[in-house]
Protein chains: 2
Amino acid sequence: MTASTPVAFEDPTYREAVVDLLGAIAYGEISAFERLAEDAKLAPSLEDKLAIASMASAELGHVARLRERLEQLGADPFAAMAPFREPIDRFHEYTAPDDWYEGLIKAYVGDGMANDFYREIAAYLDADTRDLVVASLEDSGHSAFVVDRVRTAIAADPRLGGRLALWGRRLMGEALTQAQRVAADRDALSALLAGGVDRPGLDLAAIGRMFTRITERHTERMAELGLDS
Amino acid sequence: MTASTPVAFEDPTYREAVVDLLGAIAYGEISAFERLAEDAKLAPSLEDKLAIASMASAELGHVARLRERLEQLGADPFAAMAPFREPIDRFHEYTAPDDWYEGLIKAYVGDGMANDFYREIAAYLDADTRDLVVASLEDSGHSAFVVDRVRTAIAADPRLGGRLALWGRRLMGEALTQAQRVAADRDALSALLAGGVDRPGLDLAAIGRMFTRITERHTERMAELGLDS
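For the structure given in this document, a descriptive report is provided here. (Residues numbered from 1 in each chain as written. Chains lettered and ligands numbered in written order. Predicted model: local features only at pLDDT ≥ 70, side-chain atom pairs only at ≥ 80, totals over all residues. Heavy atoms only, no water.)

1. So, the relation of the copies chain A and chain B
Let me state the cut-off plainly: Only residues with pLDDT of at least 70 in both copies contribute their C-alpha atoms to the least-squares superposition of the copies.
Rotating chain A by 180 degrees about the axis while translating it 0.0 Å along that axis superimposes it on chain B, leaving an RMSD of 0.0 Å. Taken together, the turn and the small shift mark the pair as related by a two-fold rotation axis. Looking at the rotation axis and the C-alpha trace of chain A, the residue lying nearest is Ser57 of chain A, at 2.5 Å.

2. Overview of helix H8 (residues 143–156) of chain B
Residue and element names in this part refer to chain B. Our working definition: Counting from the N terminus, the helices are the DSSP runs of H or I reaching at least four residues and the strands are the DSSP runs of E reaching at least two. Residue count minus one, scaled by 1.5 Å, sets the expected span of a helix. The cut-offs for exposure are 20% and 50% of the maximum accessible area for each residue type, with area from a 1.4 Å probe on protein chains only; residues under the lower value are buried, those over the upper are exposed, and the others partly exposed. Here a residue-residue contact requires only that any non-hydrogen atoms of the pair lie within 4.5 Å.
Taking 1.5 Å of rise per residue, 14 residues should cover 20 Å, and H8 covers 20 Å from first to last C-alpha, within 8% of that figure. Three or more residues of H8 are buried, namely Ser143, Phe145, Val146, Val147, Val150, Ala153 and Ile154. Packing partners of the buried residues in H8 comprise helix H2 (46–61), helix H6 (100–122), helix H9 (158–185) and helix H11 (204–224).

3. Focus: the interface of chain A and chain B
Size of an interface: often given as the accessible area lost when the parts come together. Put simply, the rule is: In this description, buried area is defined as the sum, over both parts, of the accessible area (probe of 1.4 Å) that is lost when the two are combined. Between Lys or Arg on one side and Asp or Glu on the other, a salt bridge is scored when a side-chain nitrogen of the former is within 4 Å of a carboxyl oxygen of the latter. N or O atoms closer than or at 3.5 Å make up a polar contact, with two conditions inside protein: a donor-capable atom paired with an acceptor-capable one, and, for residues adjacent in sequence, both atoms drawn from side chains. Gly falls in the polar group here, along with every residue not listed as nonpolar (Ala, Val, Leu, Ile, Met, Phe, Trp, Tyr, Cys, Pro) or charged (Asp, Glu, Lys, Arg).
Listed as interface residues are 21 residues of chain A and, on the opposing side, 21 residues of chain B. Buried surface at the junction of chain A and chain B, summed over both partners, amounts to about 2000 Å²; 70% is from carbon and sulfur atoms. Three residues stand out in chain A for area buried against chain B, namely Leu46, Leu50 and Phe78 of chain A, and they jointly supply 31% of the buried area on that side. At the boundary of chain A with chain B, the tally comes to six salt bridges. As a salt-bridge pair, Glu47 of chain B and Arg67 of chain A come within 3.2 Å of each other at their nearest N and O atoms. Summed over the shared surface of chain A and chain B, the result is seven residue pairs in polar contact (both at pLDDT 80 or more). The element contributing the most residues to the side of chain A that touches chain B is helix H2 (residues 46–61) of chain A, with nine residues. Its residues assigned to classes, the side of chain A that touches chain B shows 12 nonpolar, two polar and seven charged.

4. What to know about the side chain of Asp111 of chain B
All names here are of chain B. Along the chain, Asp111 turns up in helix H6. Separated by 3.0 Å, the side chains of Asp111 and Arg35 make a polar contact. With residues up to four places along the chain from it excluded, the contact list for Asp111 reads Arg35, Leu36, Glu59 and Lys106.

5. A look at the pattern of salt bridges
Taken as a whole and assessed by the stated rule, the structure comprises 38 salt bridges over all chains. Linking Lys41 of chain B and Glu38 of chain A is a salt bridge whose minimum nitrogen-to-oxygen distance equals 2.6 Å. Of this pair, Lys41 of chain B sits in the loop between helix H1 (12–39) and H2 while Glu38 of chain A sits in helix H1 (residues 12–39), placing the two residues on different chains. Exposure remark for Glu38 of chain A: the relative accessible area of 31% places this residue in the partly exposed category. With a shortest N-O distance of 2.8 Å, Arg186 of chain B and Asp20 of chain B are connected by a salt bridge. Here Arg186 of chain B is found in the loop between H9 and helix H10 (187–194), whereas its partner Asp20 of chain B is found in helix H1, with 166 residues between them in sequence. Residues joined in a network through salt bridges with shared partners are Asp116, Arg119, Glu120, Arg213, Arg217 and Arg221 of chain A.

By themselves, these figures tell us nothing about what the structure is for.
Following this line, the structure appears as C-alpha cells:
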C-alpha cells in the first residue's frame, strides 16, 4: 500500500471489500465493452454502429484507473475481477438481446442500474475510493442517442413498446438475481453495507430503502424511453 | 467549407481525394474496432483480452476527429466511408483469424501496413490534413504486448513460427489485392498520387519505390515478431 492509502484501509475487511468492489466494477466494464461491441453488429446503420461502439470504448476507458488503484492496494487486478466473472457473464448470457432495440435498452437501462447500485455503495467508502468509483461510472454521454432511437421506433410501431417494457422488467429481475448471488458469496462486500469499526452501516430498513431508490430510478429511465416499467 | 480550409481545396479533385482518404481511414478504424473486439473473444486470459480490447478502443478513438473534419469539408462522413466498406470488409472476411495468434499478427502487421500506406499518401496532402492523418495513425502503444506474446509462443512451439509466417504473407497479399481495387475504383484518390495543379506527383518508378518501402517495413515488423516474411 502507498502513503496515500487512507486510514480506513487498516481494517483488512474494508480493504477486501474495496478490492472486491473495484474488481466487480472493472470486470463489469470489460464485459460491457464486449457486449456492446457484439450489439454493434445489430446496428441498422454505420452511424448507429459507431454510436454503440463508442459506448463500448467509453466503458473500457475506465478500466485502466481501476486497475491502477487495485495495484496500489497491493491486489492483483485480474484476481480481484475473477470472482465476478461468473455472475456478470451469467447476467449477459441470460439477457442476450434478440435485436437492436433490446440491445439499446440493455445498454441504457442495464448500465444505469449497475451504476446506481455502485453509486449507493460508494457512499460508504473513503473519499479517494468514492471519487474513483463515481468517475468510473460517468455517463458516456450517449443516453440521448438511445432515448431518441427507442422513442422513434416505438412511435413507428407501438407494439414494440409492450415487448420492450417486458424486456426491461426481465433485465431488472436478472440483475437482482445476480446481485443477490454476489452478496451471498462475498462477505466483505456485504459487510461494507452493514458497517464496521468507525463506519456507520445500514440496517435492514435502510437496505430496503436503497433498493427502493434503485427501482425508482429504473422506472424513471424506462419512462424516459417511453416505456412502462 | 470553413475559413481554415487551405487553398489546395479549391481544386475539387483534391477535395474529393481528401474526402475519400479520410472516409477510408475512418471506416478502416471502425472496422478495426469490430475485428479486434471479435478477436478479444479468443484471448487466453482476461489480461490479454483487456489488452486487445484496448487496442480496439484506441482505433475507434480516432474516428471522431476524422468525422469532424469531413463535416468541415462539407461532406457527409458516412457517405464518405461508404465506398470503402466493401473492400475493407472483404479484406477482413478473407483474413478472419483462426486463433488468438493469427489475430495478434493481424492486429500488428495488418494495421502496420495500412498505417504505412496512409502515411505515404499523407506526404502529398496539405499540412492540416497531413497532421490529422498522422495523428489518426498513432501507434496505440500496444505493439510491445503483441511482440511479447508472439515471441513467447513461438519459443514454446517453433512450428507455430512457420504457420504464422505464411499467415503474414497472406495478409500482405490480401491487403494489396484490396488496395488495388480501391485504386481502380477511386479516381480522385489515385489522381492524388499522380499529382495535380501546383502539386508534384509520382511517376511509375516513384510508386514502385513507395511499395518497396511499404514491403520493407512489413518485413521489419515480421522480423520483430521473430517471423520470416
